[in-house]
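# Residue-level structural notes
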Amino acid sequence: MCPDPGEGQTKLGGRDRYYADPTMEPDPQSQDLYARVRAAARAAARRLPEPAARVLRPAARKVASFWQPGAAGAGSPEGTRPGLPIPPLRHIPEVVAIEPPPLPEGRERLTVWPDTPPPGYLGQLEPEGQKRLAERWAGVRLEDCFFYHRSALPDGRVIEGPWNLIGGESEYLGGVDLDGRRVLELGPASGWLTVWMEQRGAHVVGFDLGWDVQPDLLPLPGLDLDRMRADHIRTVSHVQNAWWFLQHAYGLTAEAVYGSIYDLPADIGRYDVSVFGSILLHLRDPFQALHQAAQRTDEAIVVVEPLRHGPLEAYQPIVNFNITRGGSPNGWWGLSPGAVVDMLGVLGFPAATLSFHRQPYRPENNPVEGATSVINYTVVARR
Ligand SMILES: C[S@@+](CC[C@H](N)C(=O)[O-])C[C@H]1O[C@@H](n2cnc3c(N)ncnc32)[C@H](O)[C@@H]1O
């Protein structure tokens, strides 16, 4: 998931924070010159005294945002990439968003993970199964949560999170019809889209990493993968806390199921729509994950991914591996829209629409100066 586990993790103000998600940066393989110049500029900047660096930083960022493929402002002064219909970022209203409060002295964050799963992860959608899950998270409090999405609470408070999809949900999901649909949301993180889809008339089942399932981390040389897995699992646990916090706060009917995305629980049921929001890039085997959902989906599959390809490549079936060139064990694949369309066609969803959009992103370690927007694409593929 997008908070980068382990590498670059730091603690600020007593809460877990994460550096900007390196998997969201443009593909350095296809941007060699850009990458080399950026690395040289960063090395030079590190040698500057802080007051001078502070003065130069905004200008450097402006130049980078103009040139950097995949970033807001990329490719032309208007911020469009010639040849790709990328709309400007929507108006983001000023709101006072708050951080979850610090934990009281001596209190640990609620951690349900790791735990013993039911055999085969079966029975979770039985009323008794959902009741048992809800009981595990019955006491969840705001301070137990890591919010991946900026999230509005029913009492009017807005909780900060690195990704702000508020107001952009429909474009993020490719405008797919939700009313009356049974939706399987794969990797809902802290669940802002779960809330939004239920408010649009969907019945949502959120599927996330099970308690004995190891997250997929690229076995990069030199990394302490065991420590990173442990960090990652802790973060996933706090993000799952946030999903349940929103579930309780809104009184959602949405249900949760845990397990392996490569072998969905046999009794998970059928769905009208399956949603893969920014998850395929993090999976060792994205095709198997799509295949699992495709076998259970009757109407449409929605895939959202960061756009890493230019106009000449976007419509080709291109898959880049190790997208941060060893910078993060979290970034497996750069899938072009063409590759996703192809995969879904093979899986029996040949009628695809493709759209592009920008979503605001606010890195945890540098939320003000580092705030940017990321260009994503959405494929909606139908049977
Ligand atoms: C980057 S977040 C995406 C959040 C949300 N779907 C969105 O579009 O904003 C990735 C999500 O995928 C989940 N995830 C990552 N690896 C997974 C795996 N192997 N199996 C199931 N879920 C996984 C994470 O726990 C997290 O909920």
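The structure presented is a predicted model; accordingly, all values stated were derived computationally and were not measured.

Glancing now at the overall build of the protein chain. A count of helical and extended segments in the protein chain gives 8 helices and 14 strands. Relative to its full complement of 383 residues, the protein chain shows a buried share of 43%. Residue pairs in contact within the protein chain that sit at least 24 positions apart in sequence constitute 71% of those at least 6 positions apart.

We now examine helix H6 (residues 225-250). Between its first and last C-alpha, H6 extends 37 Å over 26 residues, near the 38 Å set by a 1.5 Å rise per residue. Following H6 by one or two positions, Gly251 adopts a phi angle in the positive range, close to 60°.

This part takes up the sheet that holds strand S3 (residues 97-98). The strand order across the open sheet formed by 3 strands is S3-S5-S4, and the pairing between neighbours is mixed. In this open sheet, the two edge strands, each paired with only one partner strand, are S3 and strand S4 (151-152). Bridge count between S3 and strand S5 (residues 158-159): 2 bridges; the pairing is parallel. Looking at the pairing, Ala97 lines up with Val158 of S5.

Below, the discussion takes up the sheet that holds strand S7 (residues 203-209). Taken together, the 7 strands give an open sheet; going across it, the order is S8-S7-S6-S9-S10-S14-S13, and neighbouring strands pair in mixed fashion. Each edge of the sheet is formed by a strand with only one pairing partner; in this case those strands are strand S8 (255-259) and strand S13 (351-361). Each adjacent strand pair in this sheet contributes to an overall mean axis angle of 20°, direction not counted. The sheet contact formed by S13 and strand S14 (residues 372-382) spans 11 bridges and is antiparallel. Among the inter-strand pairings, Ser355 is bridged to a residue of S14, identified as Thr378. Contacting strand S6 (182-186), S7 and strand S9 (271-277), helix H5 (residues 192-199) crosses the sheet at an angle of about 165° to S7.

Below, the discussion takes up unusual backbone geometry. In this structure, Ala189 takes a positive phi of about 50° despite not being glycine. Among the structural elements, Ala189 can be located in the loop between S6 and H5. The buried category is assigned to Ala189, around which 27 C-beta atoms lie within 10 Å. A positive phi angle is found at Arg325, which is not glycine, with a value near 50°. Structurally, Arg325 is set in the loop between strand S11 (319-321) and strand S12 (333-335). On the neighbour-count criterion, Arg325 (15 C-beta atoms within 10 Å) is partly exposed.

To continue, consider the pairing of strand S10 (residues 297-306). With 8 of 10 residues buried, S10 is to be regarded as a mostly interior element. In this fold, S9 hands off to helix H7 (residues 286-294), which returns the chain to S10; that crossover is right-handed. Note that S10 and S14 share 7 bridges and pair antiparallel. Residue pairing across strands places Ala300 opposite Arg382, the latter belonging to S14.

Next up on the list: the nonpolar core. Core analysis: the largest hydrophobic core is formed by 79 residues, its most contacted members being Val183, Leu186, Leu280, Val302, Leu344, Val379 and Ala381. With 7 residues, H6 is the largest single contributor of residues to this core. Apart from residues lying up to four places away in sequence, Leu186 is in contact with Phe207, Ile261, Ser274, Val275, Phe276, Ile279, Ala289 and Ala293.

This next bit is on the confidence of the model for the protein chain. Low pLDDT means the predicted coordinates in that region are not meant to be read closely. Per-residue confidence for the protein chain gives a mean pLDDT of 85; residues scoring 70 or more make up 79%. Every residue in residues 1-20 is under pLDDT 50, and counting partners more than four places away or in other chains gives 55 contacts. The low-confidence segment residues 62-80, where pLDDT is below 50, has 35 contacts with residues more than four positions distant or belonging to other chains.

This part takes up the pairing of S7. The buried fraction of S7 amounts to 6 of the 7 residues, a majority that puts the element mostly inside the structure. For the segment spanning S6, H5 and S7, crossover handedness is right-handed. Of the strand pairs in this sheet, S7 and S8 are connected by 5 bridges, and their pairing is parallel. Opposite Asp208, over in S8, you have Tyr258 as the bridge partner. Read from S7 through H6 to S8, the crossover connection turns out right-handed.

On to the environment of Trp163, then. Structurally, the position occupied by Trp163 is in the loop between S5 and helix H4 (169-172). Take Trp163: there are 24 C-beta atoms within 10 Å of it, and that puts it in the buried class. Separated by 211 residues in sequence, Trp163 and Val374 place their C-alpha atoms 9.8 Å apart. Dropping the residues within four chain positions of it, Trp163 is found in contact with Tyr148, His149, Arg150, Gln359 and Tyr361.

Rules used throughout
- Residues numbered from 1 in each chain as written.
- Predicted model: local features only at pLDDT ≥ 70, side-chain atom pairs only at ≥ 80, totals over all residues.
- Helix = DSSP H or I, 4+ residues; strand = E, 2+ residues; numbered from the N terminus.
- Buried ≥ 20, exposed ≤ 12 C-beta atoms within 10 Å, placed from the backbone.
- Contact = placed C-beta atoms within 7 Å.
- Expected span 1.5 Å × (residues − 1).
- Pairing = 2+ DSSP bridges.
- Axes fitted to C-alpha atoms, helices over the stretch in contact; angles between N-to-C directions.
- Right-handed = clockwise from strand over helix to strand, strands pointing away.
- Core = buried A, V, L, I, M, F, W, Y, C linked by C-beta atoms within 7 Å.
- pLDDT = per-residue confidence, 0-100.

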